[in-house]
Amino acid sequence: MTQEIIRVYGIFGYPVGHSLSPLLQNEAFKALGINGVYLPFEVKPGALEGAAHALRCLGMAGVNITIPHKEAIIPFLDAVEGDAALTGTVNTVLHRDGKLIGYSTDGEGFLLSLRREAGIEPRGKNIVLLGAGGAARAVAFRLAQEGAGSLYLVNRSKERAEALREDLQARLGFTAACCGFSDPELHEAAANADLVINATSLGMYPAAGEAPPFPLERCPTGCLICDLVYRPRETLWLKKARERGLPVLGGLGMLIYQGMLSCQIWTGRMPPEEPLRAALERVLDR
Ligand code: NAP
């Protein structure tokens, strides 16, 4: 009697205990009828090379990569494709024919959320992006590729925003501007914005009492305020924006879409959105 093989997937991060990806991906496998299991692996920074080796040796089918390994994983892969090659960050690894191939689904996940949940096309829009870490990088490259009208990069450490600005220029020929949170030009950028996106970790559980120091009061009517943070579902920043009458978009949609796209890379099939959303909302609303 032959036994059916269970395909093993997971997420490498540190810390990884609060990740919702195991719930999301196991729900996706269930919905698609795939005999797979997805587990969290707490991989400390010095252990990443060993974890990539284990992924090969154990014959795991694929993993997600999260903080702090999205850039550090690249030297241990055989190839990086698409957005991952462009941005230099990987959130999905496929193990196929003995090769590890890196992808990034964060930028596309954000774009799908913007289009499907808010009905917004970035083309021609004036956009302010808070943060210059891995998530901000993925979103900035995608917005630039989609023809954003202008892009203001705002970050605590200006050097990191400047490095992102230079990469956008060098790799896409896209000219962005950048400044710090206390620079006076931020007020003008806010006043002209169609879209403001928080891609910093400010406001993320357990520090839910924090919010980016951004002049929401300067934003024009109808300016969409987005937060990539999804825990809590409505961050303090989004609450403040909503109370000012501004439309808001939380990070849950991006989480779902980037996960659906990872699942498609591993299995060749896109899972249905609704059971995934319902499972995550149940946990987040608890
Ligand atoms: P990261 O690479 O560690 O970057 C963190 C960013 O937050 C940097 O820009 C950092 O600024 C800024 N920051 C941290 N603490 C700050 C503070 N006290 N004041 C001002 N700025 C601060 O992390 P990441 O991967 O980009 O993730 C950022 C956030 O996006 C996280 O909350 C994550 O959960 C969320 N995210 C959501 C999704 C989704 O699917 N919804 C996907 C990916 C990420 P410095 O450069 O100055 O340190």
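Rules used in this analysis
Residues numbered from 1 in each chain as written. Predicted model: local features only at pLDDT ≥ 70, side-chain atom pairs only at ≥ 80, totals over all residues. Heavy atoms only, no water. Helix = DSSP H or I, 4+ residues; strand = E, 2+ residues; numbered from the N terminus. Rg over C-alpha atoms; globule rule 2.2 N^0.38 Å. Buried < 20%, exposed > 50% of the residue type's maximum accessible area, 1.4 Å probe, protein only. Areas by Shrake-Rupley, 256 points an atom, 1.4 Å probe, with all protein chains shown as cover. Phe/Tyr/Trp six-rings, centres within 6.5 Å; stacked < 30°, edge-to-face > 60°. Lys NZ or Arg CZ within 6 Å of the ring centre and 35° of its normal. Pairing = 2+ DSSP bridges. Contact = heavy atoms within 4.5 Å. Axes fitted to C-alpha atoms, helices over the stretch in contact; angles between N-to-C directions. 1 Å grid on protein atoms, 1.4 Å probe; cavity = no way out; pocket = protein on both sides within 12 Å on 5 of 7 lines; lining within 4 Å. Points joined across faces, edges and corners; volume = space filled by probe spheres on them. Left-handed = near helix turned anticlockwise from the far one by under 90°. Nonpolar A, V, L, I, M, F, W, Y, C, P; charged D, E, K, R; others polar. Expected span 1.5 Å × (residues − 1).

*Asks:* Give a detailed account of the overall build of the protein, specifying residues and quantitative values.
*Replies:* Across its full length, the protein holds 10 helices and 12 strands. In terms of C-alpha radius of gyration, the protein reaches 19 Å, essentially the compact-globule figure of 19 Å for 286 residues. Taking the principal axes of the C-alpha coordinates as reference, the protein spans close to 70 × 40 × 30 Å. Put simply, the protein has 286 residues, and 49% of those count as buried. Total accessible area computed for the protein in this model is approximately 13,000 Å², and 50% of it derives from carbon and sulfur atoms.

*Asks:* Give me the lowdown on the packing of aromatic side chains, citing residues and values where you can.
*Replies:* Scanning all chains against the criterion turns up 5 aromatic pairs. Judged by centre distance (5.2 Å) and plane angle (40°), the rings of Tyr9 and Trp266 are tilted. Within this pair, whereas Tyr9 is found in strand β1 (residues 7-13), its partner Trp266 is found in helix α9 (residues 252-267), the two being separated by 257 residues in sequence. When sorted by exposure, Tyr9 lands in the same class as Trp266, which is buried. When the ring of Phe12 is compared with that of Phe41, the centres are 5.9 Å apart and the planes differ by 90°; the resulting orientation is edge-to-face. With a gap of 29 residues between them, Phe12 in strand β1 and Phe41 in strand β2 (residues 36-42) connect regions that are remote in the sequence. Members of the aromatic cluster, joined through ring pairs, are Tyr9, Phe29, Tyr38 and Trp266. In this structure, Arg231 packs its charged tip against the face of Tyr205, placed 6.0 Å from the ring centre.

*Asks:* Could you give me a rundown of the sheet that holds strand β8 (residues 150-154), with the residues and numbers involved?
*Replies:* Pairing within the open sheet is parallel, and its 6 strands lie in the order β9-β8-β7-β10-β11-β12. With partners counted over all chains shown, the strands left at the sheet margins are β9 (177-179) and β12 (248-249), one partner each. Relative to strand β11 (residues 224-227), strand β10 (residues 195-198) runs parallel, the two sharing 4 bridges. Pairing of Asn198 across the sheet is with Asp227, part of β11. Strands in contact with helix α8 (residues 236-243) are β7 (126-130), β10, β11 and β12; relative to β11, the strand with the most contacts, it is inclined by about 165°.

*Asks:* Quick rundown of empty space enclosed by the protein? Include the residues and the values.
*Replies:* Counted according to the given criterion, the structure contains 1 cavity of 30 Å³ or more. Counted as a void, the largest cavity has a volume near 30 Å³. Elements with a contribution of two residues or more to the lining of the largest cavity: α4 (106-118) and β11.

*Asks:* Describe in detail the packing of helix α1 (residues 21-32) against helix α10 (residues 273-284), supporting the description with residues and values.
*Replies:* Running from N to C, α1 and α10 point in directions that differ by 145°, and their axes come no closer than 9 Å. Along this stretch, α1 crosses α10, giving a crossing that reads as right-handed. Together, Leu23, Leu24, Glu27, Ala28 and Ala31 of α1 and Pro275, Leu276, Ala279, Leu280 and Val283 of α10 make up the contact between the two elements. In terms of residue class, the contact of α1 with α10 is built from 9 nonpolar, no polar and 1 charged.

*Asks:* So what about α9? Which residues, and what values?
*Replies:* For α9, built from 16 residues, the straight-helix expectation of 22 Å at 1.5 Å per residue is met to within 8% by its first-to-last C-alpha distance of 22 Å. Taken across its 16 residues, α9 has 13 buried, putting it largely inside the fold. Positive backbone phi, approximately 80°, marks Gly268, located one or two places after α9.

*Asks:* I'd like a description of helix α5 (residues 134-145), backed by residues and values.
*Replies:* Taking 1.5 Å per residue as the helical rise, α5 with its 12 residues ought to reach 16 Å, and the 17 Å between its terminal C-alpha atoms agrees with that figure. Most of α5 sits out of view: 10 of its 12 residues are buried. Looking at α5, one finds that the buried residues are Gly134, Ala136, Arg137, Ala138, Val139, Ala140, Phe141, Arg142, Leu143 and Ala144. Residues of α5 that are buried in the fold lie against α3 (82-87), α4, β7, β8, α6 (158-172) and β10. Within two residues after α5, Gly147 carries a phi angle of roughly 85°, on the positive side.

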